Amino acid sequence: MKLRFEGDVTDIMPGVQLLLHELGVDLQEDGIPVHIGSSEGDLEVGREQDHAYIRYGRKHQFFRGFGLLIQHSRKSHTFHIREKQQFDQVGPMFDLSRNAVLTVDSFKFMLNKMALMGMNTVMLYMEDTYEIEGDPYFGYMRGRYTQEELKEIDDYADLFGIEAFPSIQTLAHLEEFLKWEPIKHYRDTKGALLVGSEQTDSLIERMIEAASAPFRSKKIHVGMDEAEELGRGKYLDLNGYESRFNIMIAHLDKVLEAVRKRGLKPMMWSDMFLKLASGNGDEYYDKETSIPEDMARRIPKDVDMVYWDYVHMEPEDYEKVIANHRPLGCNLVFAGAVWIFNTFGVNYGLSLNASDVALQVCKQEGIREVYATMWGDDGNEGNPFAALLGLQLYAEHAYSEQKPTQAQLAERVKFCTGIEMDTFLQLKDLDEIPGQEPNNAKQSNPSKFLLYQDVLLGLFDKQIEGLSLADHYAELEQRIREKRDNDAELDYLFEMPEKLSAVLKRKSEIGILLKQAYDANDTDSLRHIGTNVLPAISKAVQELRAAHRSQWLRMFKPFGWEVIDIRYGGVINRLDTASVRILDYVKGRITSIEELEQERLVYSTTNRFNHKGVGWCSHYYRMASPNVFYHVLNPF
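Please read all numbers here as calculations on a predicted model, not as lab measurements.

A few words on the overall build of the protein. Secondary structure summary: the protein contains 24 helices and 14 strands in total. Against the compact-globule benchmark of 26 Å for 636 residues, the protein has a radius of gyration of 26 Å, which places it among compact chains. Summarising its shape, the C-alpha atoms of the protein cover approximately 85 × 70 × 45 Å along the three principal directions. Residue burial in the protein is summarised as follows: out of 636 residues, 60% are buried. Look at the contacts in the protein between residues 6 or more apart in sequence, and 76% of them connect residues 24 or more apart. With the model as given, the accessible surface of the protein reaches about 25,100 Å², and the carbon-plus-sulfur share is 48%.

Written as structure tokens, this is what we have:
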């Protein structure tokens, strides 16, 4: 398609040049004239047969408009579109702290997609994955970004009018830094800083300086969430008992002092204040929570409070918790989620439905800033590119007073990413299996625990008994293969899910079959499993590992892959050991297989027998074994 821009394009041309190739557009003198102009804030895009226009109020809106012009020109030569942006700021939060640190090139590719969607902000969640001069253990061997890399990301984002800014931790969630013995003087507990210490205060100063310096933005997220252990370790030994609220406010004052003197605008997660205000001290979503006046009075009003909520499906749930926040007296920001947490897939059933409700409530409640978090808990087997459909939903909500229709969402995500909506949605079926609650509302993650569980121990076998998962995953493998598009740039995202389905069609129920054969003393079946089935599963796991490694190294820095590599090695080694033990038993070299003598129990009370899905496990080491991986009372 040939276009010719008319008007002042100085500010937008560097970004335009970065998108021309993937949009299939040439700028030529004989192209269709497109008048570029300003508007009072709305985005206006239109075309007649021989000319077109884009009118926008803010820079990022132009790039959404540019995409809309190309998208609609492919099906019509006459159209007029007018959109009013519903949120001042909308964008993703990338978790760059749980092994998977996006390369700069991957980040740029993601920013291209965000630009076409019309997003205008991005939060970089970095616990210890940025450099601090004078603290070599901060982010050591963790793929931390250099100052130059962060500046390069910021410069690139700015070409599209996207505001990039850091999200760090200044209190808890610092386990990966505090684990190092040479810096133990910073540690209160395993994950929390020793507040009130001059050394900690100095570290906070350097954290804020290092995290904010590469960015144009004056915004900084200082974290401070889930600090339940605050003041309960070394702090308690040194100072005696003090209420967590008093400790938190004193520390927040120190953090904000460092923020204010740099002219930065702070935000923080709100959960600790609501938890401390609730009756039992740890309930964030308690609808009856009331902020006491004396607490509200002591909370600084120049820090934005970020209300995070990833799971609720009813408007009144959001409305009530938003109301609970109002007495804090701070500007309120909302953070929802696209669920790539603790799974190989994406929980789109929960993500799309919860986000649809949450974002509509945010519009009604006047919340002007929203983020889509994509956490990478427990090693980050998932990836943010698979979550692009979820990000598209946020973008479409941001430019529509009403909920976007499924047809609108499908058309937009296909244009912006090159992938069909139905292809993205298949990723939910890695976890949304038979026996599951509708939309996987309980966040079950069988794609992960069925891969990592040991075939001899069968920890999750009782959870999935009778669910025909082999058939489910065989059918899913075929569907993923049929939906793939070799011409799409992001088609490679589906190689690993296809290979995982190929593993799980063999492995998901093998523990059940193995136990049945053993209990029946069916030596022919045991011999077949040990000689043929388990080696075939091992081969499929090796193919999965190779696909996953290729994907990881294409997206992320290499640091952190070793964790996943070791996990695959554990699966393969345990399959080998299982084969050896089964054949030893069949051949009479041992008289029993003790692991198979054990009764199978349900893993948890979250299970299909009481209509709570098929179970959830947050940690690899609890999937792989019920035995001790580590037990450290005093590591030093």
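Next comes the rest of the description.
Summarising the element assignment, Ser444 is placed in the loop between helix H15 (421–425) and helix H16 (446–452). A relative accessible area of 2% means that Ser444 is categorised as buried. The sequence separation of Ser444 and Val614 amounts to 170 residues, and the corresponding C-alpha distance is 6.0 Å. Those residues within four positions of Ser444 in sequence are excluded, and the remaining contacts are Asp431, Gln436, Gly613, Val614, Gly615 and Trp616. A distance of 3.0 Å separates a polar side-chain atom of Ser444 from the backbone oxygen of Gly615.

Let us now look at the packing of helix H1 (residues 13–23) against helix H3 (residues 104–117). In contact at an axis separation of 11 Å, H1 and H3 are set at 90° when each is read in the N-to-C sense. Viewed along their axes, H1 and H3 adopt a mutual orientation that is roughly perpendicular. Between H1 and H3, the contacting residues are Leu18, Leu19, Glu22 and Leu23 on the first element and Asn112, Lys113 and Leu116 on the second. For the contact of H1 with H3, a count of residues per class yields 4 nonpolar, 1 polar and 2 charged.

Most of strand S4 (residues 43–48) sits inside the fold, with 5 of its 6 residues counted as buried. Hairpin connection between S4 and strand S5 (residues 51–56): a loop of 2 residues separates the two successive antiparallel strands.

This part is about the sheet that holds S5. If you trace the 6 strands from one edge of the open sheet to the other, you get S2-S1-S3-S5-S4-S6, paired in mixed fashion. In the strand order of this sheet, the two ends are held by strand S2 (26–27) and strand S6 (79–83), each with one partner. Against the sheet, helix H2 (residues 59–73) makes contact with strand S1 (2–6), strand S3 (32–38), S4, S5 and S6, and its axis sits at roughly 30° relative to S4, the strand it touches most.

In a soluble, globular protein the nonpolar side chains are often hidden away together inside. Within the largest apolar cluster, 221 residues are counted, with the highest numbers of intra-cluster contacts made by Phe5, Phe62, Phe66, Phe107, Leu124, Tyr130 and Phe273. Among the elements that make up this core, the one with the highest residue count is helix H22 (residues 561–586) (10 residues). In this structure, Tyr130 is in contact with Phe138, Arg144, Tyr145, Leu150, Ile168, Met207, Ala210 and Ala211, ignoring residues within four places of it in sequence.

Tracing the sequence through the fold places Glu396 in helix H13 (residues 388–398). Among the residues examined, Glu396 registers a relative accessible area of 1% and is labelled buried. Glu396 has contacts with Arg64, Pro404, Gln408, Leu409 and Arg412, leaving out every residue within four places of it along the chain.

To continue, consider a nonpolar patch on the surface. On the surface, Tyr140, Met141 and Phe559 cluster together to form a nonpolar patch covering roughly 290 Å² of accessible area. Tracing the chain through its elements places Phe559 in the loop between helix H21 (523–555) and H22. Relative accessible area serves as the criterion here: at 34%, Phe559 is assigned to the partly exposed category.

Conventions used here
- Residues numbered from 1 in each chain as written.
- Predicted model: local features only at pLDDT ≥ 70, side-chain atom pairs only at ≥ 80, totals over all residues.
- Heavy atoms only, no water.
- Helix = DSSP H or I, 4+ residues; strand = E, 2+ residues; numbered from the N terminus.
- Rg over C-alpha atoms; globule rule 2.2 N^0.38 Å.
- Buried < 20%, exposed > 50% of the residue type's maximum accessible area, 1.4 Å probe, protein only.
- Contact = heavy atoms within 4.5 Å.
- Areas by Shrake-Rupley, 256 points an atom, 1.4 Å probe, with all protein chains shown as cover.
- Polar contact = N/O pair within 3.5 Å; in protein donor to acceptor, adjacent residues only side chain to side chain.
- Axes fitted to C-alpha atoms, helices over the stretch in contact; angles between N-to-C directions.
- Parallel < 35°, antiparallel > 145°, perpendicular 65-115°, else oblique.
- Nonpolar A, V, L, I, M, F, W, Y, C, P; charged D, E, K, R; others polar.
- Pairing = 2+ DSSP bridges.
- Core = buried A, V, L, I, M, F, W, Y, C linked by side-chain atoms within 4.5 Å.
- Patch = residues over 30% accessible without salt bridge, like charges linked within 9 Å, V, L, I, M, F, W, Y side chains within 5 Å.
- Salt bridge = Lys/Arg side-chain N within 4 Å of Asp/Glu carboxyl O.

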